[in-house]
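Notes for the structure review
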Amino acid sequence: MSDRPTDPSPAWQTLRHACTSHARITDALRELENLPRLAAAPERARAAAAALQALDQVLHEHHAQEEQELFLAVLRSCRGERECRRAHELADRLSQEHRCIEEAWERLRPVVVLAAAGQPIATSPLADQVRGLATLHAAHLRFEEDAFLPLADAVLGRAQAAAPGATHLAAV
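So, here is what we can say about the structure in this document. In this text the structure is predicted, and so the values were computed from the model without any measurement.

1. Some remarks on the overall build of the protein
Tallying secondary structure elements over the protein gives four helices and two strands in all. N-terminal to C-terminal, the α/β element order of the protein is β-α-α-α-α-β. Taking all 172 residues of the protein together, the buried fraction comes to 41%. Carbon and sulfur atoms form 53% of the exposed surface of the protein, whose accessible area is close to 9,100 Å².

Here it is in structure tokens:
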């Protein structure tokens with residue numbers, strides 16, 4: 001159990017929300033990976049509609065929230081040249097990866113829209129595109145969770161501890 005403020009800052013809330021968003025995106029991509037195996041058009045349409053809704057709702061919003069809140073909070077709170085340089089490098093790389101993921105989704109989205117409407121789709125190209133997006137997203141998550149989130153946790157924890165009146169009673 002790590003000590004965290006009882007009244008978390010918006011950056012802490014964004015950090016916690018990131019895990020939930022990551023899971024929703026991953027679940028939606030799993031739904032898409034199953035589309036080619038669904039023989040019946042109604043099953044495929046339901047799965048495609050659910051994935052479409054989740055990705056449209058979460059993907060851009062999550063990336064914007066990370067970039068406009070979490071990354072900026074970490075960049076404002078980092079200390080020392082080395083830590084600040086590392087934070088900038090990580091935020092830049094993750095932002096570039098966000099654009100790649102969003103572009104891959106925009107290329108795939110029209111086929112998912114057709115599937116959600118119950119229209120016939122070519123499942124082989126769909127499977128390849130979904131696999132590519134899922135692979136891209138999984139690599140992004142691994143990098144973010146292994147490299148950026150531990151840095152964010154340390155930087156934001158230190159900044160929150162230094163805040164006037166901070167109390168450290170609740171776990172994140």
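From this point, the discussion proceeds with the structure in view.
2. Considering the packing of aromatic side chains
Going through the model one piece at a time under the given rule, you end up with one aromatic pair. Note on F71 and F148: the rings are 4.9 Å apart at their centroids and 70° apart in plane angle, and the pair reads as edge-to-face. One end of the pair, F71, is in helix α2 (residues 41-77); the other, F148, is in helix α4 (residues 123-162), and 77 residues separate them in sequence. The same class applies to F71 and to F148, which are both buried. The ring of F143 carries the charged tip of R93 above its face, separated from the ring centre by 3.5 Å.

3. What about α2?
Spanning 37 residues, α2 covers 51 Å between terminal C-alpha atoms, matching the ideal 54 Å at 1.5 Å per step. The largest bend in α2 comes to about 35°, at E66.

Parameters and conventions
- Residues numbered from 1 in each chain as written.
- Predicted model: local features only at pLDDT ≥ 70, side-chain atom pairs only at ≥ 80, totals over all residues.
- Heavy atoms only, no water.
- Helix = DSSP H or I, 4+ residues; strand = E, 2+ residues; numbered from the N terminus.
- Buried < 20%, exposed > 50% of the residue type's maximum accessible area, 1.4 Å probe, protein only.
- Areas by Shrake-Rupley, 256 points an atom, 1.4 Å probe, with all protein chains shown as cover.
- Phe/Tyr/Trp six-rings, centres within 6.5 Å; stacked < 30°, edge-to-face > 60°.
- Lys NZ or Arg CZ within 6 Å of the ring centre and 35° of its normal.
- Expected span 1.5 Å × (residues − 1).
- Bend = angle between axes of the 7 residues up to and from the residue.

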